[in-house]
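# Notes for the structure review
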Amino acid sequence: MVEPARAPLLQQRAFRSLSFSRFTSRLAQNAINFGLVLLIVDETGKVFLSSLLVLALVVPSTAAGIVAGVAADALPKRLVLFLGNVVRAVVCVLFVRGSGDVASFYVVAISLATATQFATAAEGSLTPLIVPKSDLAHANAINQAVGGGAQLLGLGVLTPVVLRVFDSPEILFGIAAGLFLVAAAQAVLIGGVQGPERREVGGDTPGAWWSAGWRQMRSDPAVMHAALELTVISAALIVLAGLIPKYIEDVLGLPIDVGAVVLMPAAAGVVAGLRIAGALSRRLPHGFLSTVGFGLFVVLLAMLTFVSEEAEFLGGYGAFEWLNDVNIGSFDSSGVLAMAIMLPLGFAYAVVSVAAQTVLNDRVPLHLQGRVLATQGAMAAIASSAPVLGAGALGDLIGVTPVMALLAGGVALVSVATLQQNGSPPAGRVAMANEVH
């Protein structure tokens, strides 16, 4: 008997509503995160304090993330997603009614990040429940594209326009509160979702409930390998996020809200590359994709670090002389080259993240998806906590360019060590990861 053809993913109500909710909430979250960075920089001008804000946004991935993963596995996932969005809307409203001093920026960042853990854990564990295993790679590519599009609009459009036109953080947070409420309504429209087979909260093996995700990861070398790759790439982006404001001002010589637009091709690169990365993750060995992705990421990050020197060097050749003529206000050849580099940098990130995420969704039991994803997020937060503060302090002392060079070298060393230690999954495990059940 021939199985009836399934409708494309975005024509399926559950996945479409989940994607809409994901996009709307991430649009609001990215806009607020960038708004908080701008407020901190305007008030203090210190790389260390902007890095501290980034840390405030990622620290809840540890303790709160583990609890959120348990909640996503043990409670109705739509309810967790709904409440996560409603709580974020309430936090935005409280900010509008609050004092607006520097301390409140950090309180808001931690509160929003904590609520975000519950929403994202529910999103991550919902996907393999409503998407057939054979479509998970495609679904993860769409999810990453949705996130990239939301980042593009949040950082490049919503925050700069609202803050420049209205010069009011309160209006930005009011808009974000409305978007979170819309995302909560879209979560309701997902409809009924049949949960996985019920198990004990701690999983099938004895041990503490909070370590169930870690135990599951350790039991499967392929899952641990993928989680470590996601941890390395995520930690690098967290540290980079703390340096970007100073990079925009010092290296590109642009105001932060304008300079953020220069970096937006990274999101476009993620969106454009995800479809390719999703297809490749089913056709090429996971270890090969990871090596290529990490290699590209390191090289392009190094190029981004020394973009001014590269622009000056290229401007001496006939084919690139036009770079010397770019002069739109403070926007010059360095900005042009940075935009060109950010596009493939986003693609390199997509190659690593989609391949690794697909391995997790393929191999982790459904009733443990939330806890494993939360544990991986906690690993990234822990791995980046000290480096993000150290990078911020060094950025104030020696400048952002040397620190970014150190970051590129550190990512290269850690990624090589990780790939060599774990190696590519043996052929049998790759076949299992790619098998359609």
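Definitions and limits used
- Residues numbered from 1 in each chain as written.
- Predicted model: local features only at pLDDT ≥ 70, side-chain atom pairs only at ≥ 80, totals over all residues.
- Heavy atoms only, no water.
- Axes fitted to C-alpha atoms, helices over the stretch in contact; angles between N-to-C directions.
- Helix = DSSP H or I, 4+ residues; strand = E, 2+ residues; numbered from the N terminus.
- Parallel < 35°, antiparallel > 145°, perpendicular 65-115°, else oblique.
- Left-handed = near helix turned anticlockwise from the far one by under 90°.
- Nonpolar A, V, L, I, M, F, W, Y, C, P; charged D, E, K, R; others polar.
- pLDDT = per-residue confidence, 0-100.
- Contact = heavy atoms within 4.5 Å.
- Buried < 20%, exposed > 50% of the residue type's maximum accessible area, 1.4 Å probe, protein only.
- Salt bridge = Lys/Arg side-chain N within 4 Å of Asp/Glu carboxyl O.

Across the interface, helix 4 (residues 77–97) lies against helix 5 (residues 102–130) with an axial gap of 8 Å and an inter-helix angle of 160°. When the axes of helix 4 and helix 5 are compared, the pair comes out roughly antiparallel. Considering how the two elements wind past one another, helix 4 and helix 5 form a crossing that is left-handed. Considered class by class, the residues forming the contact of helix 4 with helix 5 number 15 nonpolar, 5 polar and 3 charged.

As a further point, take the confidence of the model for the protein chain. Averaged over every residue, the pLDDT of the protein chain is 79; residues scoring 70 or more account for 84%. Looking over the protein chain, one finds the lowest element-wise mean pLDDT in helix 17 (residues 427–434), namely 39, and the highest in helix 7 (residues 169–188), namely 93. A low-confidence stretch, residues 197–205 (pLDDT under 50), is modelled with 17 contacts involving residues beyond four sequence positions or located in other chains. Note on residues 423–437: pLDDT under 50 across the span, and 22 contacts to partners over four residues away in sequence or across chains.

Another point: the side chain of serine 334. By the secondary structure assignment, serine 334 is in helix 14 (residues 333–363). Residue classification places serine 334 among the buried positions, given a relative accessible area of 6%. Once you skip the residues sitting within four places of it in the chain, serine 334 turns out to touch Leu252, Val307, Ser308 and Ala311.

A separate point is the pattern of salt bridges. Summed over all chains, the structure comprises 4 salt bridges. A salt bridge links glutamate 123 to arginine 22; the nearest nitrogen and oxygen atoms lie 3.6 Å apart. With glutamate 123 in helix 5 and arginine 22 in helix 1 (residues 13–44), this pair connects stretches of sequence that are 101 residues apart. Overall, glutamate 123 belongs to the buried group, its relative accessible area being 1%. The partner of glutamate 123 in a salt bridge is arginine 26, and the shortest N-O contact between them spans 2.7 Å. You can see glutamate 123 sitting in helix 5 and its partner arginine 26 sitting in helix 1, a full 97 residues away along the chain. Members of the salt-bridge network, linked through shared partners, are Arg22, Arg26 and Glu123.

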